[in-house]
Amino acid sequence: MKYEAATVEEYISQVPEERQEVLQKLRNLIKENLPKGFEEGINYNMIGYYVPHSKYPEGYHCNPKLPLPFMNLASQKNSINLYHSGIYAKKELYDWFVAEYPKYSKRKLDMGKSCIRFKKLDDIPYELIAELCTKMTVDEWISIYESAVKKK
């Protein structure tokens, strides 16, 4: 589902009622655990956590007018999705998350390259997501991002 929202609060108010509390809980958890320097806002029609232009003026190489994205939360048709660019860009982080996931959830991990899909809202591994949020600083993300972009 695509939501047109100018603020995070507006986005959350538009999703189905049974998902609002979950999104708010995930939002609070992310804000409490992300290292300093990331900002929250609407990015790509989702709740986004990104490196602001004040920290990284170059912005996102695909569209420099946009800040450098890092994480996103979205309510999709069949799931709530968490997108984490660090998992995609750093194999050690991906491997850690995949290994830890079964310790926090009895459900099979439903994951793409950077997308973690939660179809059962009663079994979201909040503690694991909180820990994931602490695993990469803004400076580390910028360094990884720049290394990847320069390789292209």
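Here the structure is a predicted model, which is why all the values come from computation and not from measurement.

Caption draft 1: Molecular detail of the packing of helix α4 (residues 91–104) against helix α5 (residues 126–133). Put simply, α4 and α5 touch, their axes get as near as 10 Å, and they point 160° apart. The angle between α4 and α5 places the two elements in the roughly antiparallel class. In the crossing of α4 with α5, the sense of the turn from one axis to the other is right-handed. On α5, the residues that touch Leu93, Trp96, Phe97, Glu100, Tyr101 and Tyr104 of α4 are Glu127, Leu128, Glu131 and Leu132.

Caption draft 2: Representation of the packing of aromatic side chains within the structure. Inspection of every chain in the model, using the stated rule, returns nine aromatic pairs. Between the aromatic rings of Tyr3 and Tyr11, the centroid separation amounts to 5.1 Å while the plane-to-plane angle is 70°, which identifies the pairing as edge-to-face. In this structure, Tyr3 and Tyr11 share a single accessibility class: buried. Ring geometry for Tyr56 and Tyr145: centres 6.1 Å apart, planes at 85°, overall edge-to-face.

Caption draft 3: Layout of the side chain of Ser105. With respect to the helices, strands and loops of the structure, Ser105 is situated in the loop between α4 and β5 (115–118). For Ser105, a relative accessible area of 7% translates into the label buried. Here Arg107 takes part through its backbone nitrogen, which lies 3.2 Å from a polar atom of the side chain of Ser105.

Caption draft 4: Representation of the nonpolar core. Counting 47 residues, the largest nonpolar core has Tyr11, Ile30, Leu82, Phe97 and Trp141 as the members making the most contacts within it. The element best represented in this core is α5, accounting for six residues. Discounting chain neighbours no more than four positions away, the residues touching Ile30 are Tyr49, Met71, Leu73, Leu82 and Cys133.

Analysis parameters
Residues numbered from 1 in each chain as written. Predicted model: local features only at pLDDT ≥ 70, side-chain atom pairs only at ≥ 80, totals over all residues. Heavy atoms only, no water. Axes fitted to C-alpha atoms, helices over the stretch in contact; angles between N-to-C directions. Helix = DSSP H or I, 4+ residues; strand = E, 2+ residues; numbered from the N terminus. Parallel < 35°, antiparallel > 145°, perpendicular 65-115°, else oblique. Left-handed = near helix turned anticlockwise from the far one by under 90°. Contact = heavy atoms within 4.5 Å. Phe/Tyr/Trp six-rings, centres within 6.5 Å; stacked < 30°, edge-to-face > 60°. Buried < 20%, exposed > 50% of the residue type's maximum accessible area, 1.4 Å probe, protein only. Polar contact = N/O pair within 3.5 Å; in protein donor to acceptor, adjacent residues only side chain to side chain. Core = buried A, V, L, I, M, F, W, Y, C linked by side-chain atoms within 4.5 Å.

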